[in-house]
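# Results of the structural survey
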Amino acid sequence: MAFSGDKTWGVTRDDIIAAALRKIGEYDSADGVLVPEKTDASLALNAITKEWSAEGIGIWVRQRTILFLSKGQPYYWLGQNPTNDATNRIYHQATADNHFKTATLNIAGIAADTALNITDTAWLDINQQLATKPTSAGSPQIGVRLDDGTIFWSTISSTAAGTVTMAAGLPSAAAIGRRVYVFLTRTSRPIRCLHAYRTDVHGIDTPVMLIGRVNYEQQTNKFSDGDPTQLCFEGMVAERTSSALHSRVLVWPINNSMNVDYLNLITEHYVDDLDSASQNPQFPAEWANALIWNLAAELAFEYGLPVKDRQQLLMVAGSKKANLVNSSDLENASVSLEPDYGR
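Residues numbered from 1 in each chain as written. Predicted model: local features only at pLDDT ≥ 70, side-chain atom pairs only at ≥ 80, totals over all residues. Heavy atoms only, no water.

## Quick word on the side chain of Lys-222
Heads up, the rule is: Secondary structure follows DSSP: runs of H or I at least 4 residues long count as helices, runs of E at least 2 residues long count as strands, and numbering of each begins at the N terminus. Any N or O atom pair separated by 3.5 Å or less is treated as a polar contact, with the protein-specific requirement of one donor-capable and one acceptor-capable atom, and with residues adjacent in sequence counted only for side-chain atom pairs.
Examined against the element boundaries, Lys-222 turns out to sit in the loop between helix H3 (213-217) and strand E13 (230-240). There is a polar contact of 2.6 Å between the side chain of Lys-222 and the backbone oxygen of Gln-219.

What follows is the structure, given as structure tokens:
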């Protein structure tokens, strides 16, 4: 008995489209799929994957989102192009954990400084392990914790031995030992937040309670002193810029100490768009049939298949296959329930 030893099989966007069109009898392998048909089917396929994401499937697209806390900031936009405030002092920055690095200043910075003195071997990753020194490749975001507790954000323009140079100068002083944060890419807009905890400068984590908007509004003093203990996540579209949509996070209390670096949010996101023919769907391989059959069921309406004929069969088959793989989309972990007497 011989086995291939190969476990890399997958499908592309156009594989799914061609297979779905075969299911409804509109495509023969000997013929090519017309461009207009590909365009229409691609629209339907992307709509299906976004709809499934909104339903909460896809533990493989969960991530730990790092939300950097700025002293006195009550809320933060989460998305790739958030709006900054008028003074250019409070940025709404969040990134996936694999893009994150941190270090501390060797020499105090003063207003207008662009060059930061940081030991090359002092950089740490999200797990407090030694990390390579960041470079200017890709214009990574860099933030400096100022003496007033806020974070000033810029981008890295160049690096040298023991020095990282920012594109913009510091607006005010940052003492020796102040934290510096670097990441490459802002997170995409989360559609829900499952858990949250804060991390201090020593890497110690403390749980943060997720609350609803009503509970947040019932806090009598939204500007209380203290490190965040509660978080309200608004996954609906809360802000729109020219090129992106954003969710919003409200934290309480807001006047966190210098010892608190950031919040960790376990978030769920939409799967990636399928923009071109050769791209693979951001689904495990076992979801290929569910994608094909559900796209076929969706296209059956557009191609006018009789409801009592193949269209109904397609819908039943698509639902069955999606439920089959979705039932395996679970974490092997215990669950505990307790009453919430505060609601």
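## Observations concerning the pairing of strand E1 (residues 62-68)
Selection criterion: Using a 1.4 Å probe on the protein chains alone, a residue whose accessible area is under 20% of its type maximum counts as buried, one over 50% counts as exposed, and one in between counts as partly exposed. The pairing criterion for strands is at least two bridges between them, as found by DSSP.
Summarising burial for E1: five of the seven residues are buried, a large majority. Both E1 and strand E15 (residues 260-268) contribute to a ladder of seven bridges, which runs antiparallel. Within the sheet, the bridge partner assigned to Arg-62 lies in E15 and is Glu-268.

## Focus on a negative patch on the surface
What counts here: Patch construction takes residues with relative accessible area above 30% that form no salt bridge. Like charges are linked within 9 Å, and nonpolar side chains (Val, Leu, Ile, Met, Phe, Trp, Tyr) are linked within 5 Å. Computed with the Shrake-Rupley method and a 1.4 Å probe, the accessible areas treat only the protein chains shown as cover for residues. When a carboxyl oxygen of Asp or Glu lies within 4 Å of a side-chain nitrogen of Lys or Arg, that pair is called a salt bridge. Working convention for charge: Lys and Arg count positive, Asp and Glu count negative, and His plus the chain ends are omitted. Charge coordinates come from a single atom per side chain, which is NZ of Lys, CZ of Arg, CG of Asp or CD of Glu.
Taken together, the side chains of Asp-40, Glu-51, Glu-55, Glu-298 and Glu-302 define an acidic patch exposed on the protein surface. Among the elements that make up the negative patch, the one with the highest residue count is helix H2 (residues 35-55) (three residues). Locating Glu-302 in the fold gives a position in helix H4 (residues 288-302).

## Some details on helix H1 (residues 13-23)
Note the cut-off: The contact criterion used is simple: two residues touch if any of their non-hydrogen atoms lie within 4.5 Å.
Among the eleven residues in H1, eight count as buried, and that is most of the element. Listed in full, the buried residues belonging to H1 are Arg-13, Asp-14, Ile-16, Ile-17, Ala-18, Ala-19, Ala-20 and Leu-21. The inward-facing, buried residues of H1 abut H2 and H4. Looking one or two places after H1, you find Gly-25, whose phi comes out positive at around 75°.

## Quick look at the side chain of Glu-234
Locating Glu-234 in the fold gives a position in strand E13. Reaching out from Glu-234, the side chain makes a polar contact with the side chain of Arg-213 at a distance of 2.2 Å. Dropping the residues within four chain positions of it, Glu-234 is found in contact with Arg-213, Ser-247, Arg-248 and Leu-250.

## Quick look at the confidence of the model for the chain
Stated formally: What pLDDT expresses is the predictor's confidence in each residue, scored from 0 to 100.
Of the residues in the chain, 83% have a pLDDT of 70 or more, and the chain-wide mean is 84. The low-confidence segment residues 85-91 (pLDDT under 50) makes 13 contacts with residues lying over four places distant or belonging to another chain.

## Digging into the nonpolar core
Spelled out, the test is: Each nonpolar core is a collection of buried residues, namely Ala, Val, Leu, Ile, Met, Phe, Trp, Tyr and Cys, held together in the definition by side-chain atoms within 4.5 Å.
Ranked by size, the top nonpolar core spans 31 residues in total, and within it Ile-16, Leu-21, Ile-24, Trp-52, Phe-283, Leu-295 and Leu-299 carry the most contacts. Those elements giving two or more residues to this core turn out to be H1, H2 and H4. In terms of residues, this core owes the most to one element, H4, which gives eight residues. Residue contacts for Trp-52: discarding those within four places in its chain leaves Ile-57, Phe-283, Trp-287, Ala-290, Leu-291, Asn-294 and Ala-322. In terms of nonpolar packing, the next biggest core, distinct from the first, is built from 17 residues, Leu-105, Ile-118, Trp-123 and Ala-174 among them.

## A few points about the pattern of salt bridges
Overall, the coordinates contain eleven salt bridges when judged by the stated rule. A salt bridge links Lys-38 to Asp-14; the shortest N-O distance between them is 3.1 Å. With Lys-38 in helix H2 and Asp-14 in helix H1, the pair connects residues that are 24 residues apart, well separated along the chain. For Lys-38, a relative accessible area of 27% corresponds to the partly exposed category. For Glu-234, the salt bridge is made with Arg-213, and the minimal N-O distance between the two is 2.2 Å. Taken together, the residues span a long stretch of sequence, with Glu-234 in strand E13 and Arg-213 in helix H3 at a distance of 21 residues. By relative accessible area, Arg-213 is classed as partly exposed at 34%. By sharing partners, the salt bridges in this structure join Arg-213, Glu-217, Glu-234 and Arg-248 into a single network.

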